[in-house]
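# Commentary on secondary and tertiary structure
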Amino acid sequence: MPDTTRRPFRGCSRVQLHPSRVEVFSNCSVISRVGRVAARLRSWACLFFLALGLCILMVSSRPVAAKASAQHFQYSLPRMGTIFRIEMYAGSDVEASRAAEAAFSRAEELEQIMSDYRADSELMRLMRDGAAAPVPVSSDLYSVLAKSLWTSKLSRGAFDVSIGPLVDLWRSARKAGRLPDAGEIAKAKALVDYRNIELDPVQHTVFLKRAGMKLDLGAIGKGYAADQMLAVLQSQGIQRALVVAGGEVVTGEPPPGSSGWKVRIDTADSDAGVAPCTLLLTGHAVSTSGDEHQFLEVNGHRYSHIINPRTGWALEGRSSTTVIARDSTTADALATAFSTMSVSDGIRVAQSLPGVSALWVRRVGGEWKRYASRGFPASCHGLSERSQ
Ligand code: AMP
Ligand code: MG
């Protein structure tokens, strides 16, 4: 009888090296005595399963390697009068800080364009020259103004980027701690009308049809900056990221091993002991507008920093409006727009837009009420489908 243990056939020899596979080797040897064809088939099978095992090992080890290499990084800087924050998962410190630096310098660039505090900003130049003749503007300023006009049309003027004169008036009123008088309101309101802003999509120019108009990007600029910063991070190869610009939050892909970024939203009823809720976001943005931080209180009445362009009056009473959208520019603009619209009009508009949902928190007759449009995560509004 030939010594088959000395002549392992091709394909099984390596298995022999592994103590636990000795049995496999001996089986192969036995088969080799029965017939060469069958043995060859088995040897190919052995090879195939070996390769398959190796592949499975490699594939299953890849996410583990990716998880191990993705570290969490966090950066923050003051921008646009508030704090901007970036969270991301990256392979190294160098990669993360290079991406964060690029994103923050994009925010700086946008501040230089959209600021109404810097005398040399592009927005200020537009306001100086834009009533004399159409002024060519950067694609950033053009995009923000185009989105503003889109929001104005959608909200039938509840959102108005030409609100500047009224914002100035109410800002002074907040500082002085007194209400503006009716004459002052009427004078400022006369300059507020988004229909007097003319955009030329071919020439990329803006024309302000009334002298003295003042544009205010406070309700949309931070959302736009957040979107742009996320886009910079993504262009640098960082996909798992979140950007916070003041109250605006936009998310890219989720943290490793998670289905989303946990984003806590603060609603106006939190003072009444209602616990803040947490959204799980991926590839979406959320914005909350309300009178939480900036308001004027006179004779027990509270006036918000958000103004109704139709009346010229700041919104009264406690409220907050939270909007989820696919991008932060939309969420920011709509949260302000929905704040000045009736809840039913807001729900109608929200439900007409793909990817948009909203939560309204209002104080009605001394009681806190919540209203939500279709699609807003039920975990956050606690309403049944019928009461939405
Ligand atoms: P937000 O916190 O995003 O709701 O934006 C509020 C800011 O937007 C205010 O501080 C004003 O600068 C500006 N604003 C106030 N009322 C309006 C309005 N009706 N439409 C557009 N912008 C507004
Ligand atoms: Mg806003």
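The shown structure was predicted, so the numbers you read here are calculated from the model rather than taken from an experiment. (Residues numbered from 1 in each chain as written. Chains lettered and ligands numbered in written order. Predicted model: local features only at pLDDT ≥ 70, side-chain atom pairs only at ≥ 80, totals over all residues. Heavy atoms only, no water.)

### Notes on the coordination of the magnesium ion (ligand 2)
Keep this limit in mind: Any N, O or S atom lying within 2.8 Å of the metal counts as a donor, with the limit raised to 3.2 Å for Na, K and Ca; because water is left out of the atom set, some sites can appear incomplete. Whether a residue is buried, partly exposed or exposed follows from its accessible area with a 1.4 Å probe, protein chains only, as a fraction of its type maximum: under 20%, in between, or over 50%, in that order.
Around the magnesium ion (ligand 2), the protein contributes the donor atoms A219 (O), D332 (O), D332 (OD) and T336 (OG1), which lie 2.0 to 2.5 Å from the metal centre. Classification of A219 as buried rests on a relative accessible area of 17%.

### Here's the deal with the pairing of strand β1 (residues 71-79)
This is how the line gets drawn: A pair of strands is considered paired only if DSSP assigns at least 2 bridges between the two. Under the DSSP-based scheme used, a helix requires at least four consecutive residues in state H or I and a strand at least two consecutive residues in state E, with every element numbered from the N terminus.
Sheet analysis places β1 next to strand β2 (residues 82-90), joined by 9 bridges and oriented antiparallel. Across the sheet, residue Q71 finds its bridge partner in β2, namely A90. Once β1 ends, the chain turns through 2 residues before running back antiparallel as β2, passing M80 with a positive phi of about 50 degrees.

### Notes on the sheet that holds strand β11 (residues 295-298)
Working definition: the strands of a sheet are paired by backbone hydrogen bonds and lie parallel or antiparallel to each other. Basically, it comes down to this: Note on geometry: axes are C-alpha line fits, over the in-contact stretch for helices, and angles between N-to-C directions span 0 to 180 degrees. Any two residues whose heavy atoms approach within 4.5 Å are treated as being in contact.
As summarised here, the arrangement of the 3 strands in space is β11-β12-β13, forming an open sheet in which the pairing is antiparallel. The open sheet terminates on both sides in strands that have one partner only, identified here as β11 and β13 (314-316). Sheet twist, expressed as the mean angle between neighbouring strand axes with direction ignored, is 35 degrees. The strands touched by helix α10 (residues 328-340) within the sheet are β12 (301-307) and β13, with β12 carrying the most contacts at an inclination of about 135 degrees.

### Points about the pattern of salt bridges
Rules: Every case where a carboxyl oxygen of Asp or Glu lies within 4 Å of a side-chain nitrogen of Lys or Arg is listed as a salt bridge.
By the definition in use, this model includes 13 salt bridges. Salt-bridge contacts for D140 lead to R106; the nearest nitrogen and oxygen are separated by 2.8 Å. A residue pair is termed long-range when its members are at least 10 positions apart, and D140 in helix α6 (residues 139-154) and R106 in helix α4 (residues 93-114) qualify at 34 residues. Classification of D140 by relative accessible area gives buried; the value is 11%.

### Here's the deal with the site of ligand 1
Selection rule: When we say a residue is near a molecule or strand, we mean one of its heavy atoms is within 4 Å of it. For this analysis, a polar contact is any N or O atom pair within 3.5 Å, provided that within protein one partner can donate a hydrogen and the other can accept it, and provided that sequence-adjacent residues contribute only side-chain to side-chain pairs. We get accessible surface area from the Shrake-Rupley algorithm with a probe of 1.4 Å; when it comes to residues, only the shown protein chains can shield them.
Taken together, 15 residues form the shell around ligand 1, and within it D160, D216, S289, I307 and T336 come nearest. A158 has a polar backbone atom sitting 3.0 Å from a nitrogen atom of ligand 1. At 3.4 Å from an oxygen atom of ligand 1 is found a side-chain nitrogen or oxygen belonging to H305. Relative to its unbound accessible area of 500 Å², ligand 1 is 91% covered by the protein chains. Secondary-structure elements contributing two or more residues to the shell around ligand 1 are β12 and α10. Examining the composition of the shell around ligand 1, we find that 3 residues originate from one element, β12, more than from any other.

### Here's the deal with the sheet that holds strand β5 (residues 205-208)
The strand order across the open sheet formed by 3 strands is β3-β5-β4, and the pairing between neighbours is antiparallel. Each edge of the open sheet is held by one strand with a lone partner, namely β3 (135-136) and β4 (197-200). In this structure, β4 lies alongside β5, joined through 4 bridges in antiparallel fashion. Directly across from E198, in β5, lies its bridge partner F207. This element, α6, spans β4 and β5 of the sheet and lies at about 125 degrees to β4.

### Topic: the packing of aromatic side chains
How we decide: Aromatic pairs are defined between Phe, Tyr and Trp rings, using the six-membered ring for Trp, whenever the two ring centres lie within 6.5 Å; interplanar angles under 30 degrees are classed as stacked, those over 60 as edge-to-face, and all others as tilted. Either the NZ atom of lysine or the CZ atom of arginine qualifies as a charge over a ring when it sits within 6 Å of the ring centre and within 35 degrees of the ring normal.
Per the stated rule, a full pass over the model turns up 5 aromatic pairs. Between the aromatic rings of F338 and W360, the centroid separation amounts to 5.5 Å while the plane-to-plane angle is 35 degrees, which identifies the pairing as tilted. With F338 in helix α10 and W360 in strand β15 (residues 357-364), this residue pair connects regions lying 22 residues apart in the sequence. Take F338 and W360: they sit in the same class, and that class is buried. An aromatic cluster is built from W170, Y303 and W313, whose rings are joined through pairwise contacts. Over the aromatic face of W150 sits the side chain of K147, whose NZ or CZ is 4.1 Å from the ring centroid.

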